[in-house]
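# Working through the structure, step by step
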Amino acid sequence: MEFDNSFEVPLPPAEAWPVLMNVQGIAPCMPGAQLTEVIDDRNYKGNIAVRLGPVALTFAGLVTFEEIDNDNHTARVRAQGTDAKGRGSAQAAATFKLEPSAQGSKVLVHTDLTLSGAVAQYGRGVGMIQATASALMNQFANALKKQLADPSAAAAAAKPISATSLAGQVLWNSIKGKVGGKSEG
């Protein structure tokens, strides 16, 4: 399944790009993520804990930057992970692009996600997967903004998305969609 998300960063693209490419610096801002090994400047091992419906999952895997264009502020990343309890796997290809905005920079993220095994059943509804991705992106963006506002403060490890907050967000997005508003990521 494919979906798009975006968030704002209070820095112009030329300043925001090196921050976003510093995986070790921004990894603590990602909810439920833990960087476990830096293989080289393009390959990283880690874990991410997420909830799909009532099920808590932890994926261990590899993230690879396949393409980085520093001049145009774009990157292509491939991630693959396996659930720690053997319930399946996830593979994602994502492209990131920075654009100037009134607040500094807008980060546009396009993701193509494939779930396999039992985990594919947990997130059966595309709406749930999109809501989870949107919630993760929003929490990441908020944690990153706090880190940028106070670089001396270490970023606290973000917690996995709770099923309750996710259910609320799915419901809210559904209501907004029925009333004629469009959900933004």
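Below is a short write-up of the structure. (Residues numbered from 1 in each chain as written. Predicted model: local features only at pLDDT ≥ 70, side-chain atom pairs only at ≥ 80, totals over all residues. Heavy atoms only, no water.)

### Describing the overall build of the protein chain
Our working rule: Secondary structure follows DSSP: runs of H or I at least 4 residues long count as helices, runs of E at least 2 residues long count as strands, and numbering of each begins at the N terminus. Exposure classes here rest on a 1.4 Å probe applied to the protein chains alone. A residue is buried below 20% of its type maximum, exposed above 50%, and partly exposed in between. Any two residues whose heavy atoms approach within 4.5 Å at even a single point are treated as in contact.
When helices and strands are tallied, the protein chain shows five helices and seven strands. When the elements of the protein chain are put in sequence order from the N terminus, they spell out β-α-α-β-β-β-β-β-β-α-α-α. For the protein chain, the residues scored as buried account for 35% of the 185 residues in total. Considering only residue pairs separated by 6 or more positions, the protein chain has 55% of its internal contacts joining residues 24 or more positions apart.

### What about the side chain of Ser89?
Looking at where Ser89 falls in the secondary structure, it is placed in strand E6 (residues 88-101). Residue Ser89 is classed as buried on the basis of its relative accessible area, which comes to 18%. Each residue touching Ser89, except ones within four places of it in the same chain, is listed here: Phe59, Gly81, Thr82, Thr114, Leu115, Ser116 and Val119.

### What to know about the pairing of strand E3 (residues 43-52)
What counts here: Should DSSP find at least two bridges between two strands, the strands are regarded as paired.
As paired strands, strand E2 (residues 33-38) and E3 are joined by five bridges and run antiparallel to one another. Looking at the pairing, Glu37 lines up with Lys45 of E3. What sits between E2 and E3 in their antiparallel hairpin is a turn of four residues. Where E3 lies against strand E4 (residues 55-69), 10 bridges are found, and the strand directions are antiparallel. The residue of E4 that forms the bridge with Ala49 is Thr58.

### Some thoughts on unusual backbone geometry
Within the chain, His73 stands out as a residue other than glycine whose phi angle is a positive 55 degrees. Tracing the sequence through the fold places His73 in the loop between E4 and strand E5 (74-83). Relative accessible area serves as the criterion here: at 16%, His73 is assigned to the buried category.

### Brief notes about the packing of aromatic side chains
The geometry of an aromatic ring pair is captured by the separation of the ring centres together with the interplanar angle, meaning the angle of the planes. Put simply, the rule reads: By convention, a stacked pair of Phe, Tyr or Trp rings (six-membered ring in the case of Trp) has centres within 6.5 Å and planes under 30 degrees apart, an edge-to-face pair has planes over 60 apart, and any other such pair is tilted.
Across all of its chains, the model carries two aromatic pairs by this definition. On the numbers, 5.6 Å between centres and 80 degrees between planes, the contact of Phe7 with Phe140 is edge-to-face. Here Phe7, found in strand E1 (residues 2-9), pairs with Phe140, found in helix H4 (residues 126-149); they are 133 residues apart in sequence, far enough to count as distant. On the basis of relative accessible area, Phe140 is assigned to the buried category, the value being 7%. Aromatic pair Tyr44 and Phe65: ring centres 6.2 Å apart, planes at 80 degrees, arrangement edge-to-face. Of this pair, Tyr44 sits in strand E3 while Phe65 is found in strand E4, placing the two residues 21 residues apart along the sequence.

### Points about the environment of Thr114
With respect to the secondary-structure elements, Thr114 resides in strand E7 (residues 104-117). Residues Thr114 and Ser89 lie 25 residues apart in sequence; the distance between their C-alpha atoms is 8.3 Å. The contact partners of Thr114, leaving out residues within four places of it in the chain, are Ser89, Ala90 and Gln91.

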